[in-house]
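Coordinate inspection notes
Residues per chain, in single letters:
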Amino acid sequence: MERKVRTTLKVARWRRGCLACVATLMAGSALAAGGDLDVRVRDRAGRPVADVAITVMPRGGNPARAARPAAGAHAVLDQKNRAFVPALLVIGTGTSVDFPNNDTVSHQVYSFSPAKKFKLPLYKGVVHPPVTFDQPGLVVIGCNIHDEMVGYILVTDAPAFGRTDADGRLTLPHLAAGDYEVTAWGPYIADEASTLVRAVRVEASGTAPVAIDLRRDLRNQPEPRPGRSDWEY
Ligand SMILES: [Cu+2]
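Here we take up the coordination of the copper ion. Under ideal tetrahedral coordination, the four donors around a metal are separated by 109.5 degrees; under ideal octahedral coordination, the six donors are separated by 90 or 180 degrees. Looking at the metal site, the copper ion is ligated by His-107 (ND1), Cys-143 (SG) and His-146 (ND1), spaced 1.9 to 2.1 Å from it. Read N to C, the donor residues that coordinate the copper ion are spaced as H-x35-C-x2-H. With a relative accessible area of 1%, Cys-143 lands in the buried category.

Next up, the structure:
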């Protein structure tokens, strides 16, 4: 008899749990509602172009929809084999970035870009306190010791952004339905900036494709270079 009561209780609990579970699933799907954006970047020969920064802004610039990253957003720009890894980082405004040096040599990291000017001391291994990027814009990162080192941090207010993968693709899921402007940028892309913008409509579900086919050959060297003219010594 006791066992039967316990079993009944168990079933009741399971039922409650199940209802809660369904409610959670429904809430989850409500949050997830929206269409996906599938961006693809190709060179003149139709080959995929990796490591292209993609930013997606609501058209008409409704700031209510341009969600800022949560406080404490964090990213890492590593230093390895006398190079910045990754060479291009796309982050939301307000993100803090660590610059660890995992190289065998010391580096002295700096930026003279208007969106964020900073100089870190010459260091190796020890992680310097992170740098917070509080203004949108392109930040060109250099090393005072190794002129060939160049890295890029694209700081953006866009609610959705990322970088194309080895297949030249970036999928951004669950965007609220509406009209958006998709912009591509990469240090090797020579095309005029005005030709790298696409208007796209995202529906409440399904996938909206965006094709960016470059008209010019890629550069051999990344641009812009980090300016060093105002380094004071
Ligand atoms: Cu260096």
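Attention now moves to the environment of His-146. Within the secondary structure layout, His-146 lies in the loop between β11 (137–143) and β12 (150–156). In this structure the C-alpha to C-alpha distance between His-146 and Gln-108, which are 38 residues apart in sequence, comes to 8.5 Å. In this structure, His-146 is in contact with Arg-82, Val-105, Ser-106 and His-107, ignoring residues within four places of it in sequence.

Okay, the sheet that holds strand β14 (residues 169–175) next. The three strands lie next to each other as β14-β1-β17, forming an open sheet whose pairing is mixed. Each edge of the open sheet carries a strand with a single partner, namely β14 and β17 (207–213). Strand-to-strand twist of the sheet, defined as the mean angle between neighbouring strand axes without regard to direction, takes the value 15°. Across seven bridges, strand β1 (residues 35–42) lies against β17 in parallel orientation. Each bridged residue has a counterpart across the sheet, and for Val-41 the counterpart in β17 is Ile-212.

What follows covers the nonpolar core. Core analysis: the biggest nonpolar cluster contains 22 residues, and Leu-37, Ile-54, Val-56, Val-182 and Ile-212 have the highest contact counts within it. The set of elements that each furnish at least two residues to this core consists of β1, β2 (53–58), β14, β15 (178–185), β16 (197–202) and β17. Setting aside residues no more than four positions away along its own chain, Val-182 makes contact with Leu-37, Val-39, Ile-54, Thr-55, Val-56, Leu-196, Val-197, Arg-198, Val-200 and Val-210. Listed in part, the 20 residues of the second largest apolar core include Val-109, Val-139, Cys-143 and Met-149.

Before going further, it helps to spend a moment on the sheet that holds strand β3 (residues 74–76). For sheets, the rule is that strands pair by backbone hydrogen bonds, running either parallel or antiparallel. Here three strands make up an open sheet; going across it, the order is β3-β7-β10 and the pairing mixed. This sheet does not close on itself; its edge strands, each paired only once, are β3 and β10 (131–133). Shown here is a sheet whose adjacent strand axes are inclined to one another by a mean of 30°, direction ignored. Bridge analysis of β3 against strand β7 (residues 95–98) gives three bridges, and the strand direction is parallel. Paired with His-74 across the strands is Ser-96, a residue of β7.

Criteria and thresholds
Residues numbered from 1 in each chain as written. Predicted model: local features only at pLDDT ≥ 70, side-chain atom pairs only at ≥ 80, totals over all residues. Heavy atoms only, no water. Donors = N, O, S within 2.8 Å, 3.2 Å for Na, K, Ca; no water. Buried < 20%, exposed > 50% of the residue type's maximum accessible area, 1.4 Å probe, protein only. Helix = DSSP H or I, 4+ residues; strand = E, 2+ residues; numbered from the N terminus. Contact = heavy atoms within 4.5 Å. Pairing = 2+ DSSP bridges. Axes fitted to C-alpha atoms, helices over the stretch in contact; angles between N-to-C directions. Core = buried A, V, L, I, M, F, W, Y, C linked by side-chain atoms within 4.5 Å.

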